[in-house]
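# Structural description and commentary
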Amino acid sequence: MSKKVLVIGSGPIVIGQAAEFDYSGTQGCLALKEEGHEVVLVNNNPATIMTDHEIADVVYCEPLTVESIAAIIEKEKPDSVLAGLGGQTALNLAVEMEKEGVLEKYGVELLGTSVDSIKQGEDRELFRALMNELDQPVPESEVITTLEQAKAFAERVGYPIISRPAYTLGGRGGGIVDEESGLEELILTGLKASPIHQVIVEKSIAGFKEVEYEIMRDHNGTCISVCNMENFDPVGVHTGDSIVVAPSQTLTDEEYQMLRSASLKIVSALEVIGGCNVQLALDPHSKNYYVIEVNPRVSRSSALASKATGYPIAKMATKVALGYSLDELLNPLTGHTYASFEPALDYVVVKFPRWPFDKFPEAERSLGTKMRATGEVMSIDRTLEGAFQKAVQSLDTSIPVITDKWTQLTKPTDLRYFAILELLREGVTIEKIHEVTKIDLFFLNVLKNIVHTEKQLESGPVTEELLQQAKVYGFSDPTIAVHTGASVQEVKSWRKDFDLQPKFKVVDTCAAEFEAATNYVYSTYAGNNEIAPLAGEKKALILGSGPIRIGQGVEFDYSAVKAIESLQKLGWTTVMINNNPETVSTDYATADRLYFEPIHTEIVEAIVEQEGIDLVFTQFGGQTAINLAEELSKAGLPLAGVSTDVLDELEDRDKFYEALKKLDIPHVSGTTCHTKEEAWSAAATYNFPILCRPSYVIGGQGMVKIENETELKQALDETEDRHYPIVLDSFMQGMEVEVDLVGDGETIFLPDVMEHIEPAGVHSGDSMAIFPSALSEEIKSTVRRYSEQIVQHFQYKGIMNIQFLCVDGRVYVLEVNPRASRTVPIISKVAAVPLVDYAVQVLVDAPGFALAEKQVPNITVTAVKYPVFSSYAMTELDHKLGPNMKSTGEGMCLGNTVEEALQKVFAHLPDIREDKDICYVDVEGYSHIPSSELDFEEWLTTASAVLYVNDQETELARSRRIQATKNGVQVFSETTTFEAFWQGLQVDKNEPTPLPEMILEGVHT
């Protein structure tokens, strides 16, 4: 059996491949270590728990390329490679490494599913041939490699046509077309997206029910269905963009068993070892079904299935890959059932996608076979009505006003669910809605029940029976208050009078048929309480950050999990509340108890009361958690850290700038405006350009750079009243730097300064950044001094992020984030210091802990953090960098120098010195860098076209950037980014650089 295993991660978060692979990878690494194996990890996503030294023995943040991984194999000499936990990225690399002879050359075994099986599952032609051999029906289709073949197929079978490129994730490069005019762009994009230049075109079966089975299989051939899931949306919407219900609700037992048997047969024929996802389409009017596709790896759905059932798929898949059989493995959640036992559910689960359209209101909102959601939430309840409502409450977004309701139904969009509710409120029948959407009448009837209850609440009176029904159906107290015209406090009083309190039930995988000890619970108003408060003298509740979305990604899960670990080491009993099924924080093994719930005051209060919580932590769950602090404080809950008054002073621009004036710290001038009139008056005191943004947001949402009065008028006209107050800041050009620090009210621990490559005006989340900075000691000293003054003035305790602007040697404060930031994992890992642990010890007043005694680290490597954009999912948008964050994730590479790290960052791009037609530079003054001399339109059609550079603000520039994006070309919209790429090309040889090892200190008790 293997002793040293190289685990390949999935890389930065992109649409179609998000935090679910941090979860599966973390589980896999821990399972390997549990079995006594040394774990070497390669994953260039610094935001993850997976890339933490407690998860793997050696961590490489290197490019995920065959060349890079071969170099790591040569250096580390592992016995085997595990690629089934790193999404499509790792799976494709396994196939490429086998093809290029890397595995054979170094005598490395691929654990789990074989390359031949992967090919059969992923190669569209091989898969279709296998289905025919197994007598499993597939939609009428053809594997094509040219546009002409696609046109001929469409002419033969008719439209609509679905395109599915091979070896891609999240439906990348795929889609549906209803007529010939859109076929050319779809097929050419798909062929370019596929690593093997292969697309399957199939006759559309849009309107069929879409059902998934999550299957586990071992080397003995034992095969079980862990969970089956049914899409609320019929075939035609990518499953990652569909609302999903588990277990299936509308299948007859005959249909369920038929599709289950087909899934088991397919996975067995593929000889999968580990987890596998099978997607099928069922004709709602007959017993006919089609096999859509198979993912021979753990997937987004397997993370959902794990959290829905309490069956740790990734952990079991890893053990199975090592040679265990399912009947040998105990489920660690229950401690009583074996991995060969199919979970049973006595509750219902709803997954709801989280889309980025709040960040991109100008985007085309229609949904198809190309995934567009950045993340998802999950809810659990005893009724489907309750689960739907809790899922929507978990999204952490406001629902826009829908004016064209029927349009959302005829062509699916992210607003379709809400448009259906609106139409039901207007009295439209579920039969009429079904006719247009093909959504099953059962689901529509559930939504009708919600609307009927709304109307009962509005017409009154509110009886005990009605209030009970509303709570069973998932209505929150604030929602009931809206429908009844009462205050939230009055609704709480009614519940108290009627003794209506949430009950907590256990996720035990066996529907309470057997004894099971589990720490995984959910709330409901249907049934009895199944849990007692946890034992422990000191209990902490940690608020999670909810779904992955632009501006708030897996980095906040990192901070939350590290906070839990620190508290546990200090002897605290930990309770976690979160609703993101993709994350490590919602793993059964993380906190002492997990509540899978919306992160709202009502449920937080209930948990505090149920468990007897001593401290509630809001600093580690991003803006979601910190925004809740004021409500929780007013409710009398015990918050760790500074008071909400201090938080308000730091977040409110006017109050914060007033404090900086007292401290004689320079800042960029700005004004908080509560109305349009105030904003117009304030703008008259500034010179353009200015920045306009809402208060209390993350990721620069709604932030725009305004160049003149016309743009200001347009921005103010488009800003709804609910987005006020807004902040107007003067815009200054310069270099942006930032720090993450821990303060105890007097002293600070600040490892070093991070320096942005792109200029101010580009959101920090979209900037490349160097850590540690090579800025002068004078500037660094000023940054430290200002940081310490701010901490002392506000007597701030805990973790904090401060952003600065450097202009002509002078340092200005831009803003303070009184919480963990997206860069905390980067600083912690590169500087090899436990920032979150220090913050926790300060917040709980840990005996013997003295922040002032902590030495500033000697940082031995240079890191470059870089943003990753999912522009392929929204090709209609201009992804020009600016103050509104657009990246979905970030990567990091290390080197002994900045140049070495930059060379790795851009390792996926070819060397433009070898062929000038690789790159087209649409900027004046770049004659020293090779650039194509072809006409832009002509260049774009060449096979060489890879990289386009254009930083202009003109309409032509915007149009060209969009064209390049649609053609799968990498676009640089800042010249500084392009210069960084050029700088990296000057490095000839680069060695793999592991993360520095964390120096762990003993815990003071």
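For the structure itself, consult the block above.
Reference entry: report on the structure contained in this document. Since we're looking at a predicted model, the values are computed, not measured. (Residues numbered from 1 in each chain as written. Predicted model: local features only at pLDDT ≥ 70, side-chain atom pairs only at ≥ 80, totals over all residues. Heavy atoms only, no water.)

Here we come to the overall build of the chain. In terms of regular secondary structure, the chain is built from 34 helices and 37 strands. Principal-axis analysis of the C-alpha atoms places the extent of the chain at approximately 75 × 75 × 60 Å. When each of the 1005 residues of the chain is scored for burial, the buried share is 65%. In the chain, the share of contacts with a sequence separation of at least 24, taken over all contacts with a separation of at least 6, comes to 70%. For the chain, the exposed surface amounts to about 35900 Å²; the carbon and sulfur share of it is 47%. Each charge sign in the chain was given a centre, from 84 positive and 151 negative side chains, and these centres are 1 Å apart. (Helix = DSSP H or I, 4+ residues; strand = E, 2+ residues; numbered from the N terminus. Buried < 20%, exposed > 50% of the residue type's maximum accessible area, 1.4 Å probe, protein only. Contact = heavy atoms within 4.5 Å. Areas by Shrake-Rupley, 256 points an atom, 1.4 Å probe, with all protein chains shown as cover. Lys, Arg positive; Asp, Glu negative; His and termini not counted. Charge placed at Lys NZ, Arg CZ, Asp CG, Glu CD.)

What follows concerns the pairing of strand β18 (residues 520-524). Among the five residues of β18, five are classified as buried, and the element is accordingly described as predominantly covered. Going residue by residue along β18, you find Y520, Y522 and T524 tucked away on one face and V521 and S523 tucked away on the opposite face as well. Here strand β17 (residues 503-506) runs beside β18; their pairing, made up of four bridges, is antiparallel. Its bridge partner lying in β18, K505 is registered against Y522. In this sheet, strand β21 (residues 593-596) lies alongside β18 in parallel orientation, the contact comprising two bridges. Along β21, the bridge assignment pairs Y520 with L594. (Pairing = 2+ DSSP bridges.)

Under the counting rule described, the total for this entry stands at 31 aromatic pairs. Taking 5.7 Å as the distance between ring centres and 50° as the angle between the ring planes, the aromatic pair formed by Y213 and Y256 counts as tilted. Here the residue Y213 occupies a position in strand β10 (residues 209-217), and Y256 occupies one in helix α9 (residues 253-270), the gap between them amounting to 43 residues. The exposure class assigned to Y256 is partly exposed, which follows from its relative accessible area of 23%. (Phe/Tyr/Trp six-rings, centres within 6.5 Å; stacked < 30°, edge-to-face > 60°.)

By size, the foremost hydrophobic cluster in this structure holds 94 residues, and its most contacted members are M216, F617 and F620. It is helix α30 (residues 835-843) that contributes the most residues to this core, seven residues altogether. Residues within four places of F620 in sequence aside, it is in contact with L543, F556, S559, A560, A563, I799, A820, V836, A839, V840 and L843. Counting 89 residues, the second-largest nonpolar core is a separate cluster that includes I243, I480, F978 and L985. (Core = buried A, V, L, I, M, F, W, Y, C linked by side-chain atoms within 4.5 Å.)

Looking now at the pairing of strand β7 (residues 161-165). Most of β7 sits inside the fold, with five of its five residues counted as buried. Burial along β7 is two-sided: I161, S163 and P165 facing one way and I162 and R164 facing the other are all buried. Sheet topology places β7 next to strand β8 (residues 175-177); three bridges connect them, and they run antiparallel. Along β8, the bridge assignment pairs S163 with G175. One ladder, built from five bridges, connects β7 with strand β9 (residues 199-203); its direction is antiparallel. Bridging from a neighbouring strand, P165 pairs with V199 of β9.

The strand order β3-β2-β1-β4-β5 describes an open sheet built from five strands, whose pairing is parallel. Edge positions in the sheet fall to β3 (58-60) and β5 (109-110), since each has one partner strand and no second. Here strand β2 (residues 38-42) runs beside β3; their pairing, made up of three bridges, is parallel. Residue pairing for β3: L41 is matched across the bridge by V59.

Turning our eyes to something else, we now look at the pattern of salt bridges. Under the definition given, this model contains 43 salt bridges. For the salt bridge of D922 with R960, the shortest nitrogen-to-oxygen distance reads 2.8 Å. Taken as a pair, D922 in the loop between β35 (919-921) and α32 (936-940) and R960 in helix α33 (residues 955-966) lie far apart in primary sequence, 38 residues in all. What makes R960 buried here is its relative accessible area of 17%. What you see here is one network of salt bridges that share partners, running through D52, E54, K562, E565 and K569. (Salt bridge = Lys/Arg side-chain N within 4 Å of Asp/Glu carboxyl O.)

In this section: helix α31 (residues 898-905). Of the residues making up α31, those classed as buried are E900, A901, L902, K904 and V905. Those residues of α31 that are buried lie in contact with β29 (754-759), β33 (862-868), β34 (889-895) and α34 (975-985).

On to the sheet that holds β18, then. With mixed pairing, six strands are arranged side by side in an open sheet as β17-β18-β21-β20-β19-β22. Looking at the sheet topology across the chains shown, the edges are occupied by β17 and β22 (615-617). Going across the sheet, the axis of each strand differs from the next one's by a mean of 25°, ignoring polarity. Judged from the three bridges that link them, strand β19 (residues 539-543) and β22 form a sheet pairing that is parallel. Bridge pairing in β22 places L541 opposite V616. (Axes fitted to C-alpha atoms, helices over the stretch in contact; angles between N-to-C directions.)

A few words now on the environment of M885. Inspection of the secondary structure puts M885 in the loop between β33 and β34. Under the relative-accessibility criterion, M885 is labelled buried at 6%. Taking the C-alpha atoms as reference points, M885 and H336, separated by 549 residues in sequence, lie 47 Å from one another.

Contact geometry for α31 and α34: axes closest at 7 Å, N-to-C directions at 105°. By the criterion of interaxial angle, the relationship of α31 to α34 is roughly perpendicular. Seen from α31, the contacting residues are V898, E899, L902 and Q903; seen from α34, they are A980, Q983 and G984. Among the residues forming the contact of α31 with α34, the class breakdown is three nonpolar, three polar and one charged. (Parallel < 35°, antiparallel > 145°, perpendicular 65-115°, else oblique. Nonpolar A, V, L, I, M, F, W, Y, C, P; charged D, E, K, R; others polar.)

Among all positions in helix α26 (residues 676-683), only A679, A682 and A683 are buried. Each buried residue of α26 lies within a common arc of 95° when the element is viewed along its axis, so the set occupies one face. (Arc of directions from axis to C-beta.)

Attention now moves to the side chain of N295. Note on placement: N295 falls in strand β14 (residues 289-295). Overall, the relative accessible area of 11% leaves N295 in the buried class. If we skip the residues at most four places from it in the chain, N295 touches E122, G275, C276, N277 and Q279.

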